[in-house]
Amino acid sequence: MALLSRLSRSRTIRWGGLGLAMVAVALVVVALARGGSDTAAQKSDPEWCTPGTQRTALCPHSKVFDAKEYAIHGDAFECIGFASQADAQAVLRANPSDPNHLDDGGGVACRGLPEPRDTKPVAGIAQHFRCGPGATRSALCPQPKRSFDARYFLRYGNDAYDCSDFASQADAQAVLRFEPVDPNHLDGDGKGIACPDLRGPKDVKPVRRGTP
C-alpha cells in the first residue's frame, strides 16, 4: 500500500508539473500575441481613417491610394498632405502639368517627404525647367560659371538627391565634403568619393566619412 501511495503521489507531481509547464507556455504565447497586437496598433491609422480612406499624412497606413484623385482639383494639395515622397511623385506622374505645384525642380516631387521614395524624374518636366539667376549649379543648370551652394543639396536632411542631380562629380564631392555623414548616399561604397562615374570636373581626394 505504501508503494502504491508513493507511485500515486509521484504521478500526481509529474502531471502537476506538466500542467504548470503548459500554463506557462500558454501565458508566454498570450503575452507575445498581445505584444504583436500592440505593435500592429502602433502601425494602424487613427479611428477616423475608415476602411477605404485614401492614404495621406493623416492616414499613412491605408492601402488605398489613387493618384488621379489628387491631380484633378487644381492647386488643392501640398507636399505636407502626402504620406510619402513616392505618393507625391505618383501624383506628379498622373498629371505632369503639376496643378498642385509639387515639383521641386526637374520632375521630382516633394523631395523632403519620408520614404518610400521615387526620385526618377517625370519625363518632359525637366525640359520646361527655367534656371533663375540665383539657382545653384546642378544637372538642370549646369553652366560652369554658375555659383554652387552645397547646402542646397542638404536642405532636407535625408536621401533627397541622387548623383544624377549634379552637374559634375566635383560638385557632388563638395556636398560630401560639406556633410561627410552623407544623407544623400552619394558615396555608396564608403570610400570617401561621391558619384565617381559622373562627368568632370573631378575631385577624387577622399573625404573622411562621418558617422550619424
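See the structure shown above.
My aim in this report is to walk through the structure given alongside it, one point at a time.

About the cut-offs
- All residue numbers refer to positions counted from 1 along the written sequence of the respective chain.
- Per-residue local features are limited, in this predicted model, to residues with pLDDT of at least 70; the limit for side-chain atom pairs, both in listing and counting, is 80 or more; totals at the level of whole chains, interfaces and linings are taken over all residues.
- Excluding hydrogens and water, the side-chain values take into account all heavy atoms of the structure.
- We count a stretch as a helix when DSSP gives it H or I for four or more residues in a row; a strand needs E for two or more, and each element gets its number in order from the N terminus.
- In this description, contact between two residues means that some pair of their heavy atoms is separated by no more than 4.5 Å.
- We get accessible surface area from the Shrake-Rupley algorithm with a probe of 1.4 Å; when it comes to residues, only the shown protein chains can shield them.
- A pair is scored as a salt bridge if a Lys or Arg side-chain nitrogen falls within 4 Å of a carboxyl oxygen belonging to Asp or Glu.
- Exposure classes here rest on a 1.4 Å probe applied to the protein chains alone. A residue is buried below 20% of its type maximum, exposed above 50%, and partly exposed in between.
- A pocket, in this scheme, is an open set of points on a 1 Å grid over the protein atoms alone with protein on both sides within 12 Å along at least 5 of 7 lines, while a cavity is a set where a 1.4 Å probe fits but cannot get out; residues line either one if an atom lies within 4 Å of a point.
- Grid points are joined across faces, edges and corners, and a volume is the space filled by probe spheres set on the points.
- As a working rule, the residues Ala, Val, Leu, Ile, Met, Phe, Trp, Tyr, Cys and Pro are called nonpolar, Asp, Glu, Lys and Arg charged, and the rest polar, with Gly in that last group.

1. Description of the overall build of the protein chain
Then, in step 1: When helices and strands are counted, the protein chain shows 3 helices and 0 strands.
Then, in step 2: Sequence-distant contacts in the protein chain: of pairs separated by 6 or more residues, those separated by 24 or more amount to 51%.
Then, in step 3: Carbon and sulfur atoms provide 60% of the accessible area of the protein chain, an area that totals close to 13500 Å².

2. Regarding the pattern of salt bridges
Two side chains with opposite charge may pair up if their charged atoms get near one another.
Then, in step 1: Taken as a whole, this structure holds 6 salt bridges when the rule is applied.
Then, in step 2: Here arginine 111 ties to aspartate 165 by a salt bridge, and the two come within 3.1 Å at their closest N and O atoms. With arginine 111 in the loop between helix H2 (85-94) and helix H3 (169-178) and aspartate 165 in the loop between H2 and H3, this residue pair connects regions lying 54 residues apart in the sequence.
Then, in step 3: In this structure, aspartate 149 engages arginine 151 in a salt bridge whose closest nitrogen and oxygen atoms are separated by 3.1 Å.
Then, in step 4: Exposure remark for aspartate 149: the relative accessible area of 29% places this residue in the partly exposed category.

3. Re H2
Then, in step 1: Burial analysis of H2 places 7 of its 10 residues in the buried class, which makes it a mostly covered element.
Then, in step 2: Within H2, the full set of buried residues consists of Gln85, Ala86, Asp87, Ala88, Gln89, Val91 and Leu92.

4. Comments concerning the layout of surface pockets
Then, in step 1: Considered as a void within the structure, the largest pocket measures approximately 340 Å³ in volume.
Then, in step 2: What lines the largest pocket is a set of 24 residues, and nearest its centre among them are Gly105, Gly106, Arg111, Leu140 and Asp165.
Then, in step 3: Considered class by class, the residues forming the lining of the largest pocket number 12 nonpolar, 7 polar and 5 charged.

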